[in-house]
Amino acid sequence: MGTALVYHEDMTAARLLWDDPECEIECPERLTTALERLQQRGLEQRCLRLAAREASEAELGLVHSPEYVALLQGTQALGTGELQTLSGQYDAVYFHPSTFHCARLAAGAALQLVDAVLAGAVRNGLALVRPPGHHSQRAAANGFCVFNNVAIAAKHAQRQHGLHRILIVDWDVHHGQGIQYIFEDDPSVLYFSWHRYEHGRFWPYLRESDADAVGQGPGLGFTVNLPWNQVGMGNADYVAAFLHVLLPVAFEFNPELVLVSAGFDSAIGDPEGQMQATPECFAHLTQLLQMLAGGRVCAVLEGGYHLESLSQSVCMMVQALLGDPAPPLSGPMVPHASALESIQSVQVAQAPHWMSLQQQGQRGLGRDGASGSHAVAVTLNHPLGVAPVLSPCPRSPEGRPSPLLLPGGPEFKAAATQDVAALSSLLDQLRLNPTPPVRTAVALTAPDAALALPSDVLCEEGSAPQEETQAWARPHEALAQDRALTALGKVLYLLDRILDGQVSSGIAVTPASAAAATLDVAIRCGLSHGAQRLLCLAVGQLDRPPDLTDDGRLEGF
């Protein structure tokens, strides 16, 4: 399975026909520039390209009133003056004779992407669309948005695919109040939004954009608002928000599908957001989301008005969806004090509804973004093989998660309780383990010790205890020779240092005749330390250990 890219050139047809400084930033070049950058980097060619279709009136009716859909349909026949007059009845909206067609394509693209992912044709994907959607409400356009593309896709996933738990992550810099209003009393949809708020002094100027707006009725706790009260939030702030708020709640919720309202006005350079997060940050955020819902992530473009920043951020997200490694994050990875205050306000507001946040509250959040006495800067280092396994969701005979495991039900709460410990372990690995003091170490035997090493590479001189080394070597005749046994002791010592978080990565030299046996011992040693997933890459003629052939924890070779 791969990554889908859903697009249609007709979505560039609508454009502003009169002078309006507020609306002129929502222009066709937003799509063409992003697509050109994807093509230049060879990313479009690696995706499954799907041409967007129009959403039907019945599909639009999953969210919008028939009267509103009919009103939009009528704009196709209006003149410029009439379009301008109608646009003035809404907040930050402009209409064009092609708006209805473009908006139907945008909603249809989101539906196509969800269908492709849930049918198993692709693992994930991006719908590159305009106009955006997350501000649009049942009977009102708002903030450049005509139809609520992501909300329609969520309703469709519920109705057509029988999903019971959908996570919507809205990282646009504006609050997606349209999505919030649609699902605020629905416990089957968890809506997370961070947004520039400035204590209510930033558009859309809504009291219900603050952290204490947590949903209504049965939906209490399923709306999670994280307000940014200062501009200038950067990579550390975004990552901290994911690790301290979104991921704990999301793992407890255990979604079957992740929808991303992917607005890149939250990236550096955008005039709307005035934030400092680099495009690379969105690759990391996308990777974190892929740990959820079996990797079923459907992203739909929302805002983003600085063409260079937008196009680079889109590319970073697509690279992550394709499985490419995320580039390193630049800048200091220490969250701003204002960001930590916002995160804490969300934790306080949401703690009554989520056990994972109650546990975080007991540990407390340090000034530099970590919990308890492990106060460190935010880091994304993952120690080898220690990712926890969360309890699987019960499934029906058809393979869908059981409807019995509904949010709020006893089975749901029991499963969530079981996952709290695993989730805490995951968060510890993501944000509480400092960068190991040694980046790279090399374990050499005596004849190799004359090798010239870079100044920042440690020559590891330690060795595992002789008794331990001999015990591991005993089943292997190739390890009986002194040189092979000495090399194995150094490998075991280096592996222990990596697993203990003292060394980030290492290189070991072993005699060619003992390579296969040494690798076998290294694999078994890693598994004995509790590794749940171990990737092994071997270059050359090395066979997988025969008694580990069916071990599901071992991948690659």
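Residue numbers restart at each chain and count upward from 1, following the sequence in its written direction. Note on the predicted model: pLDDT of at least 70 is required for a residue's local features to be given, and 80 or more for side-chain atom pairs to be given and counted; whole-chain, interface and lining totals, by contrast, use all residues. Side-chain metrics rest on all non-hydrogen atoms present in the structure, leaving aside hydrogens and water.

1. Observations regarding the overall build of the chain
Item 1. Scanning the chain from N- to C-terminus turns up 16 helices and 13 strands.
Item 2. Buried residues are those whose accessible area, probed at 1.4 Å on protein chains only, stays under 20% of the maximum for their type, while exposed residues exceed 50% and partly exposed ones sit between those limits. Taking all 557 residues of the chain together, the buried fraction comes to 57%.
Item 3. Long-range pairs, those at least 24 residues apart, make up 76% of the contacts in the chain with a sequence separation of at least 6.
Item 4. Element-wise, carbon and sulfur atoms account for 52% of the exposed surface of the chain, whose accessible area totals about 22,100 Å². Strands here mean DSSP runs of E at least two residues long; helices mean DSSP runs of H or I at least four residues long; both are numbered from the N terminus. Contacts were defined at the residue level, with two residues in contact if any of their heavy atoms lie within 4.5 Å. Values of accessible area rely on a 1.4 Å probe in the Shrake-Rupley scheme; residue burial ignores everything except the protein chains shown.

2. Some details on helix 3 (residues 66–74)
Item 1. Listed in full, the buried residues belonging to helix 3 are Tyr68, Val69 and Leu72. All buried residues of helix 3 project into a common sector of 100° when viewed along the axis, lining one side. Those residues of helix 3 that are exposed and angled more than 90 degrees off the buried face are Pro66 and Glu67.
Item 2. The elements touched by buried residues of helix 3 are helix 2 (57–60) and helix 5 (99–118). The directions considered for the arc run from the helix axis to the C-beta atoms.

3. Quick notes on the nonpolar core
Generally speaking, a soluble globular protein has its nonpolar side chains buried in company with each other.
Item 1. One finds Leu128 and Trp171 to be the most contacted residues of the largest nonpolar core, which totals 127 residues.
Item 2. In terms of residue count, the dominant contributor to this core is helix 8 (residues 235–253) (14 residues).
Item 3. Other than its neighbours up to four places away in sequence, Leu128 contacts Leu5, Val6, Tyr7, Met11, Leu31, Ala34, Leu35, Leu38, Leu301 and Val314.
Item 4. In terms of nonpolar packing, the next biggest core, distinct from the first, is built from 13 residues, Ala464, Ala473, Leu492 and Cys525 among them. We define the nonpolar core as a collection of buried residues of types Ala, Val, Leu, Ile, Met, Phe, Trp, Tyr and Cys that are connected through side-chain atoms lying within 4.5 Å of one another.

4. Comments concerning the pairing of strand 9 (residues 438–443)
The side chains of a regular strand alternate, residue by residue, between the two faces of the sheet.
Item 1. Counted residue by residue, strand 9 has five buried out of six residues, so it is predominantly covered.
Item 2. By the bridge criterion, five bridges tie strand 9 to strand 11 (residues 503–508) in an arrangement that is parallel. Residue pairing in the sheet places Thr440 in a bridge with Ser505 of strand 11. By this definition, two strands are paired if DSSP reports at least two bridges between them.

5. Description of the environment of Leu111
Item 1. Topologically, Leu111 is positioned in helix 5.
Item 2. When its relative accessible area of 0% is taken as the criterion, Leu111 is described as buried.
Item 3. With 46 residues separating them in the primary sequence, Leu111 and Ala157 have C-alpha atoms 8.4 Å apart.
Item 4. Discounting chain neighbours no more than four positions away, the residues touching Leu111 are Arg53, Ala55, Glu59, Ile152, Ala153 and His156.

6. Points about the packing of helix 1 (residues 29–40) against helix 10 (residues 307–322)
Item 1. A fitted line through C-alpha atoms serves as each axis, taken over the contacting stretch for helices, and the angle formed by two N-to-C directions is quoted from 0 to 180°. Here helix 1 crosses helix 10 at 50°, and the two axes come no closer than 9 Å. One finds that helix 1 runs oblique with respect to helix 10. Relative to helix 10, helix 1 is oriented so that their crossing is right-handed. Here helix 1 contributes Glu29, Arg30, Thr33, Ala34, Arg37 and Leu38 to the contact with helix 10, which in turn contributes Leu307, Glu308, Leu310, Ser311, Gln312, Val314, Cys315 and Val318. Any angle that falls under 35 degrees is termed roughly parallel, while one over 145 is termed roughly antiparallel, one within 65 to 115 roughly perpendicular, and all others oblique. Crossing handedness is read from the near helix: turned anticlockwise from the far helix by less than a right angle, it gives a left-handed crossing, and turned clockwise, a right-handed one.

7. Description of the sheet that holds strand 3 (residues 124–127)
Item 1. The eight strands lie next to each other as 2-1-3-8-7-4-5-6, forming an open sheet whose pairing is parallel. Every other strand in the sheet has two partners, leaving strand 2 (48–51) and strand 6 (223–228) as the edge strands with one partner each. Each strand of the sheet is rotated relative to its neighbour by a mean of 15°, with strand direction disregarded.
Item 2. Each of strand 1 (3–7), strand 2, strand 3, strand 7 (257–262) and strand 8 (297–301) is contacted by helix 5, which is oriented at about 175° to strand 3, the strand it contacts most.

8. Quick word on the packing of aromatic side chains
Item 1. What counts as a ring pair is set by centres within 6.5 Å for rings of Phe, Tyr and Trp (its six-membered ring), and what kind of pair is set by the plane angle: stacked under 30 degrees, edge-to-face over 60, tilted for all other angles. Enumeration according to the criterion identifies 17 aromatic pairs in this entry.
Item 2. For the pair Tyr90 and Phe95, a centre-to-centre distance of 5.9 Å together with 85° between the ring planes defines the contact as edge-to-face.
Item 3. On the accessibility criterion, Tyr90 (17% relative accessible area) is buried.
Item 4. Aromatic side chains Phe264 and Phe282 sit 5.1 Å apart centroid to centroid with 80° between the ring planes, which places their arrangement in the edge-to-face category. You can see Phe264 sitting in the loop between strand 7 and helix 9 (279–289) and its partner Phe282 sitting in helix 9, a full 18 residues away along the chain.

9. Describing the pairing of strand 7
Item 1. Here strand 7 lies mainly inside the structure; six of its six residues are buried.
Item 2. Of the two faces of strand 7, the one holding Leu257, Leu259 and Ser261 and the one holding Val258, Val260 and Ala262 are both buried throughout.
Item 3. Pairing geometry for strand 4 (residues 166–170) and strand 7, over five bridges, is parallel. Across the sheet, Val169 pairs through a bridge with Val260, a residue of strand 7.
Item 4. Here five bridges tie strand 7 to strand 8, and the two strands are oriented parallel to one another. Bridging from a neighbouring strand, Leu259 pairs with Cys298 of strand 8.

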